[in-house]
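Report on the structure
Okay, here's what each chain looks like letter by letter:
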Amino acid sequence: HSSNMASTSMKISARAPPCRTSFRSRSRRSSSLHARSDAADSSAPVSSSGTPVKKMSMLVVGATGTLGRQVVRRALDEGYEVRALVRPRQNPADFLRDWGAVTVKGDLNDPSSLPPALVGVHTVVDCATARPEESVRAVDWEGKVALIQACQAMKIQRYVYMSIANCDKHPDVPLMAVKSCTEEYLQTSGLNYTVLRACGFMQALIGQYAIPILEGNQVWGTDDTTRTAYLNTQDAARMCLAAVRSDEAVGKTLTLAGPRAFTVSEVIALCEKLAGASANVSKVPVSVLRTAKAITGVFQWTGDAADRLAFAEVLSGNEVFSAPMDETYDLLGLNPEETTTVEMYLREYYTQILKKLKEVGAQSGQNRFDF
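To start, this report covers the structure provided alongside it.

About the criteria used
Residues numbered from 1 in each chain as written. Predicted model: local features only at pLDDT ≥ 70, side-chain atom pairs only at ≥ 80, totals over all residues. Heavy atoms only, no water. Salt bridge = Lys/Arg side-chain N within 4 Å of Asp/Glu carboxyl O. Helix = DSSP H or I, 4+ residues; strand = E, 2+ residues; numbered from the N terminus. Buried < 20%, exposed > 50% of the residue type's maximum accessible area, 1.4 Å probe, protein only. Pairing = 2+ DSSP bridges. Axes fitted to C-alpha atoms, helices over the stretch in contact; angles between N-to-C directions. Contact = heavy atoms within 4.5 Å. Parallel < 35°, antiparallel > 145°, perpendicular 65-115°, else oblique. Nonpolar A, V, L, I, M, F, W, Y, C, P; charged D, E, K, R; others polar. Left-handed = near helix turned anticlockwise from the far one by under 90°.

**What to know about the pattern of salt bridges**
This structure, assessed with the given rule, holds 15 salt bridges. For Arg-197, the salt bridge goes to Glu-183, with nearest N and O atoms at 2.7 Å. Placement of Arg-197 in strand E6 (residues 193-198) and of Glu-183 in helix H9 (residues 174-187) is noted, with a sequence separation of 14 residues between them. The exposure classification of Arg-197 matches that of Glu-183, with both residues buried. With a shortest N-O distance of 3.1 Å, Arg-227 and Glu-266 are connected by a salt bridge.

Okay, structure coming up:
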């Protein structure tokens, strides 16, 4: 029992908002990285007096993710030499190589693997975040601090960090807390950084609403009026590359929002209209989410579930995840008319799916439509 109690205590401590404690605590784990700092400095490719690197060289962290892969593709299209950081245990990212990227082995949980991946790199774009089965603190806090420290040692000239809108308003939600704390750490790093806070991505709407409604399956909603200005990941990648190019974006935190903010009910209604089907909606009161969070947080083995419920509670709290974009478009030199709307995105999805169904003569209940 005593060992279980100690383990539980460590778990609770690990989930505490990390920026409430000293950043110096992180340095103990990265001592091997700091031990190499002097050697790295002497061969660093990025100082005004050091060995020059190509300005078009880029490392994308989180390159196999929904956003990261779009950043890789956009960067390649714009002429960048792109490296994609992939974990040694990860399935081969053949599609990234097929596009023209170079994959390099590295893991945010292994600080010693990061400096070699940064040799000869000018710009780092960090799109990584913990998977559902992983520790948020280990990946999104400890791993990111290790990455930032490696970038300092290797004198990386540009660092773009993908974060979450409103993360600084929710210190008690683990994912939001570590995103906010990483922003703070990056701001004190001395790197030429830009933070891009995303409100939400349209791609998530397919699995959560578009497919279940088309298949006649249950979809989950809440009794709230939270509004989210969803952005297509392709547009987010376009904005990310524009931020990389923009000197005016250095040192800034920009919120990336889509053209209009939607409630869950509005998204479901739009899917119903485009699919020509009625949704089987089960609404979960926000009070149930809060109760579930309190219950699951008691048990060590459901700690991660409690973290996810805490994030779900934020997304169901009558909050607005959006921001005015006029100044951001001007700063990045982009045309807002080129940004995809939710209506356009879902209409294109349903048009393609319904056309394919007609071609093969399939019934919606017999197929998956996530392609």
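Okay, back to it.
**Observations concerning the sheet that holds strand E9 (residues 252-256)**
With parallel pairing, 7 strands are arranged side by side in an open sheet as E3-E2-E1-E4-E5-E6-E9. Edge strands, defined here as strands with exactly one partner in the open sheet, are strand E3 (102-105) and E9. Geometrically, the sheet is characterised by an average inter-axis angle of 20° between neighbouring strands, direction not taken into account. Bridge count for strand E4 (residues 123-126) against strand E5 (residues 158-164) is 4 bridges, and the pairing is parallel. If you follow Asp-126 over to E5, its bridge partner there is Tyr-161. Here helix H8 (residues 136-153) sits on the sheet in contact with strand E1 (57-61), E4 and E5, set at roughly 165° to E5.

**Overview of the packing of H8 against H9**
It is the contact of H8 with H9, at a shortest axis distance of 9 Å, that shows an interaxial angle of 10°. Judged by the angle between their axes, H8 and H9 are roughly parallel. In this structure, H8 uses Val-136, Asp-140, Trp-141, Lys-144, Val-145, Ile-148 and Gln-149 to contact H9, whose residues at the interface are Pro-174, Leu-175, Val-178, Lys-179, Cys-181, Thr-182, Tyr-185 and Leu-186. Taken together, the residues of the contact of H8 with H9 break down into 10 nonpolar, 2 polar and 3 charged.

**Here's the deal with the packing of helix H10 (residues 203-215) against helix H12 (residues 264-275)**
In the contact formed by H10 and H12, the axes pass within 9 Å of each other and the chain directions differ by 45°. Taken together, the axes of H10 and H12 lie oblique to each other. Along this stretch, H10 crosses H12, giving a crossing that reads as right-handed. Together, Leu-205, Tyr-209, Ala-210, Ile-213 and Leu-214 of H10 and Val-264, Val-267, Ile-268, Cys-271, Glu-272 and Ala-275 of H12 make up the contact between the two elements. Split by residue class, the contact of H10 with H12 holds 10 nonpolar, no polar and 1 charged.

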